[in-house]
Amino acid sequence: MSEPATDEPPGAAERALPGPIHHKGPGPAEMGWFEPRRRGHGGRALALHRLTGVVILVYLYLHLAVLSMLLIGHSAWSSFLSLVTSKSFLALEVVLIGAVLFHGLNGIRVALVGSGIGVTREQALFWAGTVVGIAALTYAALHILGAL
Amino acid sequence: MSPDQAPEAASNGSPVELTETRRFRVYRYKRGDGQERFDEFDVPVGPRTTVLDALLWIQLHRDPSLTVRHSCMHASCGTCGIQVDGREELACVCSVKDHGAEMTVEPLANIPILTDLVVDMTGFFERYPHAHPIIRASEPPVQDSEPSDGDHGEVTLETEVTLHHHPLHHLHRAAPPAADFVRLEDCIECGLCLSACPVAATSHDYVGPAALAAAERLLEEPRGVRREDVLAWASRPEGAWRCHVGFECTRVCPTDAIPAERIMALRRALLFGQDNHEEGKP
């Protein structure tokens, strides 16, 4: 028995299906925001802002977990302190401060520009924040690593 | 045009000296195939070859099944938007010499693909406010008898033109000269901004830069559209507040329509009221 005739041409159903959605960069489509290549300062700042946000969030919980060692006792806390005052741990602290500085300063830029304030100076705001951040990070690094 | 002629010879009719060969990695996808892939083509290029010239050369001499959409060939129609080496470009004005020996050509991101380099712009246009009227510089505005919200100061000699015979005259409001609106009228609705937007990659419900910029344009010249309706439309979760201030849309816009600045002006209007919405725009 032959199939009932339809008005649709052959392959119409397949053509009606939605096509794939291309996205930037490797990985899943939802990570398209993270592709830093061929981006301007704004796109890269957005990606770094999200990454540093995750770093700060992880550090927050890590910090709470470390503080809970105080509940264990004096000896546990003292041995932990000797570990975190090593040069390698202090270097990690510099990285953390860098993340906080970037997230904070870029957040100020995003809050201002995102409210319609200083829109035409958006790029200048970014670079001003970058200069302030690098200066503050340099001072903090020298201070933490004992050069000051 | 022979295969040995540079591709731009097809555009202007005069033979152009070949200088080198470039390799193009071109994205391919056909409905029903189910597989996306890249094909490579070596294309002879001259000093003025554009990416569109090269793609049409491939179509003519190597693979007639390659589908490319284009129309005006001079960056006015906005139909040939693609990604070249990951950056949004209009193929018709994207010079090959600005890229390396091998370049990757892909369709726009964040927009469903129809076939090869052609994307389905239906969803892009559906993002626009439904009440969006057609704005044309050829419709000189006339002064309304009762100025309402959204009017723009005094009527100048250039705008004080009575066109009561015009079928749309009841929509006209007193407005500055059309030259003040040149920037958004330059929007060619090519979709490059939506492709470049990092937020659109995460959220396909986001209406995107072009539609929001068009909404902000309505605040400048409502033409019968209620201002509060525009602001309510823009303040939805997938509207102006979804933007993350990346300014990628402005960076890739081929006509300097400054969509990011428009979105910020829209936010300012939402935050601080109607009298402040224009601050921040160049």
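Residues numbered from 1 in each chain as written. Chains lettered and ligands numbered in written order. Predicted model: local features only at pLDDT ≥ 70, side-chain atom pairs only at ≥ 80, totals over all residues.

On to the overall build of chain B, then. Helix and strand content of chain B: ten helices and seven strands. A burial count over chain B gives 44% of its 282 residues as buried. Across chain B, every contact between residues at least 6 apart in sequence was considered, and the portion connecting residues at least 24 apart equals 61%. (Helix = DSSP H or I, 4+ residues; strand = E, 2+ residues; numbered from the N terminus. Buried ≥ 20, exposed ≤ 12 C-beta atoms within 10 Å, placed from the backbone. Contact = placed C-beta atoms within 7 Å.)

Moving on to the domain arrangement of chain B. Residue and element names in this part refer to chain B. Domain assignment breaks chain B into domain 1 (9-120) and domain 2 (123-276). In this assembly, 16 residues from domain 1 lie in contact with 15 residues from domain 2. Those elements that provide at least two residues to the side of domain 1 that touches domain 2 are β3 (81-84) and β4 (87-90). With three residues, β4 is the single largest residue contributor to the side of domain 1 that touches domain 2. Of the residues assigned to the side of domain 1 that touches domain 2, the class counts are eight nonpolar, five polar and three charged. (Domains from an automatic or database assignment. Nonpolar A, V, L, I, M, F, W, Y, C, P; charged D, E, K, R; others polar.)

Take the sheet that holds strand β5 (residues 102-106) of chain B next. All names here are of chain B. Strand order in the open sheet made by the five strands is β2-β1-β5-β3-β4, with mixed pairing throughout. If you trace the sheet from one side to the other, it starts and ends with β2 (37-45) and β4, each paired once. Neighbour-to-neighbour, the strand axes of the sheet open up by a mean angle of 35 degrees, direction not taken into account. Bridge analysis of strand β1 (residues 20-28) against β5 gives four bridges, and the strand direction is parallel. Paired with arginine 23 across the strands is glutamate 102, a residue of β5. Sitting on the sheet, helix α2 (residues 51-61) is in contact with β1, β2, β3, β4 and β5, with an inclination near 105 degrees to β2. (Pairing = 2+ DSSP bridges. Axes fitted to C-alpha atoms, helices over the stretch in contact; angles between N-to-C directions.)

Below, the discussion takes up the interface of chain A and chain B. Taken together, the contact between chain A and chain B spans 29 residues of the former and 36 residues of the latter. For the side of chain A that touches chain B, a count of residues per class yields nine nonpolar, twelve polar and eight charged.

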